[in-house]
Amino acid sequence: MNPVRSSHIKKPFIARRSIPFIKKASNGANITGKTKILGIFGRPISHTLSPAMHNAVMKALGLDMVYLPFEVKPSNLRGAVKGIKSLGMIGVNITTPHKEAVIKFLDSISEDVKLIGAVNTIVNKNGQLIGHNTDGYGYIASLKEELGFNPKGKKMVILGAGGAARGIIIALAAKKPKSITVANRTLSRAISLIKTFKGKFSGIAFQAIGLDGENLRAYFEDTNLLINTTSVGMKKNEALKIPLDALPKRTIVSDIIYNPLETALLKKAAKLGLATHPGLGMLIHQGALSFKLWTGIDAPIDIMRKAALKALKMGGGR
Ligand code: ATR
């Protein structure tokens, strides 16, 4: 029998042009029989930055874990969530469009999730699936890390009244700010949002207003923090028409959009000499808090940031 030499083995044909990501794909070199699995469920999912951030941390810490993206159709969400238990996954992140719909498939949810109505992290605790939301806490942690900002006793205006605004408001409210004003295009949505929080947090002045340009002036005059949670700004050069010039010079203007890294709103604010806070920090810190829930370990923020920036440069994050 002829010995088989490597030169005799036919190499599999890979059409690189038809599979453009093949060069960058993981080859699973570090996967063992004991590797624990984490991941993210969403649709679309191909541009998520989370696998890059989490795998970089796991590699740096030498953990035998892998974090994978899963494209899950709404009709398959129940099955995918069941899979967390059956496959013994440590947990997953949940992203658009499943953050609200996933709740009904979980064994329990945190008190915050009861108010926010959305989950971004599931922990598999001894076969019980628990839903958490780290978005708002990630936001606050990022404000503290990047600008040393503490919301206590401060006045804030939040633009938008969707799920992202809810997550941020609950985390802000826990820090006892003086006031939280929610400005939304659809006023009724802002009103119903503040109704949820008014009774739960005493000592904070909540109010709902419309998002109509010049009327915002009066509310902007003594604001410490302005946060854009609307989707306006995802397209380059697109910004809400709001009177930024009415904000006092000490105001921080914050945008939770991270692609583009600096939105048109932040560019305008910087030109006016206001401090700015881009959205990437919130993404990084919500990831770090999810990681802590799964592993009990504080994730190295600098490694997560580096990985997220690299993945963004390679076309992720859209
Ligand atoms: P998320 O969960 O990311 O917050 P969402 O629940 O769809 O997403 O909320 C999107 C927010 O962006 C809402 O506050 C929405 O305002 P409406 O409640 O009036 O829809 C706001 N938004 C989206 N497009 C907008 C636009 N062109 N101008 C102003 N606000 C806009």
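No experiment lies behind these values; they were computed from the predicted model shown.

## Digging into the overall build of the protein
Scanning the protein from N- to C-terminus turns up ten helices and twelve strands. Here the C-alpha atoms of the protein give a radius of gyration of 22 Å, agreeing with the 20 Å that 2.2 N^0.38 yields for 318 residues. Going through the 318 residues of the protein one by one, you find that 40% of them count as buried. Of the contacts formed within the protein by residues at least 6 apart in sequence, a portion of 67% connects residues at least 24 apart.

## A closer look at the domain arrangement of the protein
A common measure of how large an interface is: the accessible area buried when the components associate. Domain boundaries in the protein define domain 1 (30–133 + 282–313) and domain 2 (136–277). Spacing between the C-alpha centres of domain 1 and domain 2 amounts to 26 Å. Of the residues lining the interface, 16 residues belong to domain 1; the matching set on domain 2 comes to 16 residues. Of all elements in the fold, only helix H3 (111–116), helix H9 (280–295) and helix H10 (301–313) reach the threshold of two or more residues within the side of domain 1 that touches domain 2. Of the residues belonging to the side of domain 1 that touches domain 2, the class tally is nine nonpolar, four polar and three charged.

## Let's talk about the site of the ligand
What surrounds the ligand is a group of 15 residues, the closest being Gly162, Gly163, Arg185, Thr186 and Thr230. Counted by class, the shell around the ligand contains five nonpolar, eight polar and two charged residues.

## Considering the nonpolar core
Of all hydrophobic cores here, the largest spans 77 residues; its most connected members are Met53, Ile158, Ile168, Val182, Met304 and Ala308. For this core, the element with the highest residue contribution is H9, accounting for eight residues. Each of two domains, domain 1 (30–133 + 282–313) and domain 2 (136–277), supplies a minimum of three residues to this core. Contacts of Ile158, omitting those with residues within four sequence positions, involve Ala165, Ile168, Ile169, Ile180, Val182, Ala183, Ile227 and Thr229.

## Quick word on the sheet that holds strand S11 (residues 252–255)
The strands that make up a sheet are held in pairs by hydrogen bonds between backbone atoms, and each pair lies either parallel or antiparallel. In space, the six strands of this open sheet follow the order S9-S8-S7-S10-S11-S12, with parallel pairing throughout. The open sheet has two edge strands, strand S9 (205–210) and strand S12 (275–277), and neither has a second partner. With strand direction ignored, the average angle separating the axes of adjacent strands in the sheet is 20°. One ladder, built from four bridges, connects strand S7 (residues 155–159) with strand S10 (residues 225–228); its direction is parallel.

## Some thoughts on the sheet that holds strand S4 (residues 108–109)
Spatially, S2-S1-S3-S5-S6-S4 is the arrangement adopted by the six strands of the open sheet, whose pairing is mixed. At either end of the open sheet lies a strand with only one pairing partner, and these are strand S2 (65–71) and S4. The sheet contact formed by strand S1 (residues 36–42) and strand S3 (residues 91–94) spans four bridges and is parallel. In the strand pairing of S3, Phe41 is matched with Ile94. Helix-sheet contacts for H9 involve S1, S3, strand S5 (121–125) and strand S6 (128–132), and the interaxial angle to S5 is about 10°.

## As for the environment of Leu172
Position of Leu172 relative to the elements: it lies in helix H5 (residues 163–173). It is 11 Å that separates the C-alpha atoms of Leu172 and Leu143, two residues lying 29 residues apart in sequence. Every residue in contact with Leu172, bar those within four places of it in the chain, is listed here: Ile140, Pro151, Met156, Pro177 and Ile180.

## A word on the pairing of S2
Pairing of S1 with S2, which is carried by seven bridges, proceeds in the parallel orientation. From the neighbouring strand, Ile37 faces S2, where its bridge partner is Val66. Handedness of the crossover is the feature at issue here: the chain leaves S1, passes through helix H1 (residues 50–61), returns alongside S2, and the resulting connection is right-handed.

## Here's the deal with the environment of Arg43
Along the chain, Arg43 falls in the loop between S1 and H1. Here Arg43 falls in the partly exposed class, since 16 other C-beta atoms lie within 10 Å of it. With residues near it in sequence (within four places) discarded, Arg43 still touches Glu71, Val72, Lys73 and Pro97.

## Remarks on the environment of Lys249
Tracing the backbone shows Lys249 in the loop between S10 and S11. Counting along the chain gives 26 residues from Lys249 to Thr223, while the straight-line C-alpha distance between them is 9.8 Å. Setting aside residues no more than four positions away along its own chain, Lys249 makes contact with Gly273 and Leu274.

## A closer look at the packing of helix H4 (residues 135–147) against H5
Relative to each other, H4 and H5 sit at 60°, their axes nearing to 7 Å. For the element pair H4 / H5, the angle class is oblique. Here the hand of the crossing between H4 and H5 comes out right-handed. Across the interface between the two elements, Asp135, Gly136, Tyr137, Tyr139 and Ile140 from H4 touch Ala164, Gly167, Ile168, Ile170, Ala171 and Leu172 from H5. A per-class count over the contact of H4 with H5 returns eight nonpolar, two polar and one charged.

What counts, and where the lines are drawn
Residues numbered from 1 in each chain as written. Predicted model: local features only at pLDDT ≥ 70, side-chain atom pairs only at ≥ 80, totals over all residues. Helix = DSSP H or I, 4+ residues; strand = E, 2+ residues; numbered from the N terminus. Rg over C-alpha atoms; globule rule 2.2 N^0.38 Å. Buried ≥ 20, exposed ≤ 12 C-beta atoms within 10 Å, placed from the backbone. Contact = placed C-beta atoms within 7 Å. Domains from an automatic or database assignment. Nonpolar A, V, L, I, M, F, W, Y, C, P; charged D, E, K, R; others polar. Near = placed C-beta within 6 Å. Core = buried A, V, L, I, M, F, W, Y, C linked by C-beta atoms within 7 Å. Pairing = 2+ DSSP bridges. Axes fitted to C-alpha atoms, helices over the stretch in contact; angles between N-to-C directions. Right-handed = clockwise from strand over helix to strand, strands pointing away. Parallel < 35°, antiparallel > 145°, perpendicular 65-115°, else oblique. Left-handed = near helix turned anticlockwise from the far one by under 90°.

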